[in-house]
Amino acid sequence: MEEIIKNRLGNLVEYISYEGAEIVIYTSSEEFFLNYFEKIKPLVDELKRRIEVRMVPQKCKDKEYTVEKIKEILPKESGLKEIVFEESRSVVYVEVEKPHLAIGEKGEIIKKIRNETFWTPIVERAPQIESLIVSNVRKFLHEEEKFRKNFLNNVGKKIIEVSKQKRNWIRITFLGGAREVGRSCLLVETNYSNILIDCGIKAGIFNENGYPLLKYIDISSLDAIVVSHAHLDHVGFIPMLYEIGFDGPIYMTEPTLELYTLLMTDFLEVMQKNAVNIFTAKGVKESLKRVITLEYNQVSDITYDTKLTFYNAGHILGSSIVHLHIGEGLYNIVYALDQKFGPTTLLNPAHTEFKRIEALIIESTYGGKEDVMPKRRDAEKELIDTINEVMKRNGIVLIPSFAVERAQDIIAILSLNNFEYPVFIDGMIWDATSIYTIYPEYLNPKIGKILKEENIFKKENFIRVTKGKRESIVEERPSVIISTSGMMTGGPILEYFKRLSEDEKSLLLFVGYQGENTLGRKIQDGLREIQLEEDGRVKNFKINLEVKTLKGLSGHSDRRQLVAYVNNLTAKPKRIFVVHGEESKAVNLSKIYNKTFGIESYAPRNLDSLRLL
Ligand code: ZN
């Protein structure tokens, strides 16, 4: 590939570097740098790769001059926050409040910065809610600039290199999350490559039964990890891979990267509290250094014979349906979990347009006959009515929630309904909300548009709670408290619960899935007394507060939506694999697919391996 480029462009090319699948041509010719388009276009068509032209670092303008120039060119209203240089890549990151104003209608502002400073500008949105997580991720990646440049270059070279070990078969192996919820992990072996999709753990189970079955595969043979979304049951084991020496790339969307970091920061703390040590901060950092982000709908080569595309999955911010296109038109795998095929307050329904699907892998969290949820609009109304009733009787509504999505969903519903009572939002949820404010283009267009104008997540009565303040909050009535963990397996929710469990005026409101054997599920099923630790001693807690489960707010498709999803796919799958659900649900949904659509369907078991081609 390098040869072809050098042949065409001659001494206009100083050197070529890869950034994953993308090709970067460094030049020292001003003329070429300013007018590269006509010369590059035929190469892009021929090589079918994204190609960027950058000036060699030595010829980029002085940094101080560049900062002044950027300030001069950017419109004031764009809200400039920070300028960071990555010198070895000739890139300047420009963080602003309103990116569309910094880019210009047809990109003319950004182009002006490029042409006048010779740096290649990348515009990033500043969070509308302060959060250390976001700035820390960005800072960390900038600091690792040299490592990343080298790493991305090696990844790029590996992608075009023909591996000697050509196989004439394609196979998938289920390493977790089959006939169960949790520890999702799938190995895809193609003619030339080994790819792992997701690598999660089971919430609250800190032993082998909670981890994916990786000891049966050769981790060093993996070429890449692909991440569908930032939930622990899909990513919880990934840092472990990097701790034991895996050093390949990990693909995800940009919001998933930020949410993944947030999740891991929290999980390191949870492990410490439980005196378990699956991995340390080192594993998290090593994985972060090797992240390659892709946007939705962006087709990218990730190995010699496999192209990856992420599509909106409708489940949480940045969540993706993973499409692997193997060979040139040889085989297509669509991994559609977790997903929501229905509109929510924040997201669009899961993507359904594919040209061909040979194998569809789909979830069955709510795949049972009984799992038919009320309509979204009714569920939202019930949420507001239920909360208002508790406000009237001067109680507290305690909502256990995952940090991501369900919490922002509820905050957005309360905000859009002009809810006026105090809503206390525990730390990690606040950080996750901050990440939502950076990515309006990943939300549904309606809410994205509102978010660009006003910050619906930030209201005077939405109050951030930090450690040490939790005790005083339960004194403030009436109010709503939203806190992690979502299944009450740990986290600050337990602190609030202990203080409110005997209070008949208050309400424990479940809005999300409660896994088998979790405290949340037990209470949901009618548990009325529980022993929990307090101040180092085990104490008895009577559960006198009202307990209610609100269905229809889930980020997972219900039974009807899971069937409708397959029905709405623009290509009929040849085979369906049903995973990510309790055994009876997975088996039942698989039968329904077979009966309804006449498609070969399976509910595989963990360690099942199937040759696809
Ligand atoms: Zn999920």
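For the structure itself, look to the data block above.
Fair warning: this is a prediction, and the values are worked out from it, not measured in the lab.

### Regarding the coordination of the zinc ion
Each pair of donors in an ideal four-coordinate tetrahedral metal site encloses 109.5 degrees, whereas pairs in an ideal six-coordinate octahedral site enclose 90 or 180 degrees.
(1) Moving on: Taken together, His229 (NE2), His231 (ND1), His315 (NE2) and Asp338 (OD) make up the full set of protein donors to the zinc ion, lying 2.2 to 2.3 Å away.
(2) Moving on: Counting gaps between the donor residues of the zinc ion yields the pattern H-x1-H-x83-H-x22-D. You can see His229 sitting in the loop between β10 (224-226) and α9 (232-235) and its partner Asp338 sitting in the loop between β16 (331-336) and β17 (359-363), a full 109 residues away along the chain.
(3) Moving on: For His229, a relative accessible area of 1% puts it in the buried group.

### Observations regarding the sheet that holds strand β21 (residues 479-483)
(1) Moving on: Strand order in this open sheet of six strands is β20-β19-β21-β18-β22-β25, and the pairing throughout is parallel. One side of each edge strand has no neighbouring strand; the edge strands of this open sheet are β20 (462-465) and β25 (546-549). On average, adjacent strands in this sheet sit at an angle of 20° to one another, irrespective of strand direction.
(2) Moving on: Pairing of strand β22 (residues 507-510) with β25 involves four bridges; the strand directions are parallel.

### Focus: the pairing of strand β19 (residues 423-426)
Note on strand geometry: in a regular strand, side chains alternate between the two faces of the sheet.
(1) Moving on: With burial as the criterion, each face of β19 is covered, one bearing Val423 and Ile425 and the other bearing Phe424 and Asp426.
(2) Moving on: Sheet topology note: the β19/β20 ladder contains four bridges and is parallel. Of the residues in β20, the one forming a bridge with Asp426 is Val465.

### Things to note about helix α21 (residues 583-597)
For an α-helix, the turn length of 3.6 residues means that residues three or four places apart are oriented alike.
(1) Moving on: The end-to-end C-alpha distance of α21, which contains 15 residues, comes to 21 Å, matching closely the 21 Å that a straight helix rising 1.5 Å per residue would cover.
(2) Moving on: Among all positions in α21, only Lys585, Ala586, Asn588, Leu589, Ser590, Tyr593 and Phe597 are buried.
(3) Moving on: Check the buried side of α21 and you find it contacts β17, α20 (559-568), β26 (575-579) and β27 (600-602).
(4) Moving on: Immediately downstream of α21, the backbone of Gly598 shows phi near 65°, a positive value.

About the thresholds
Residues numbered from 1 in each chain as written. Predicted model: local features only at pLDDT ≥ 70, side-chain atom pairs only at ≥ 80, totals over all residues. Heavy atoms only, no water. Donors = N, O, S within 2.8 Å, 3.2 Å for Na, K, Ca; no water. Helix = DSSP H or I, 4+ residues; strand = E, 2+ residues; numbered from the N terminus. Buried < 20%, exposed > 50% of the residue type's maximum accessible area, 1.4 Å probe, protein only. Pairing = 2+ DSSP bridges. Axes fitted to C-alpha atoms, helices over the stretch in contact; angles between N-to-C directions. Expected span 1.5 Å × (residues − 1). Contact = heavy atoms within 4.5 Å.

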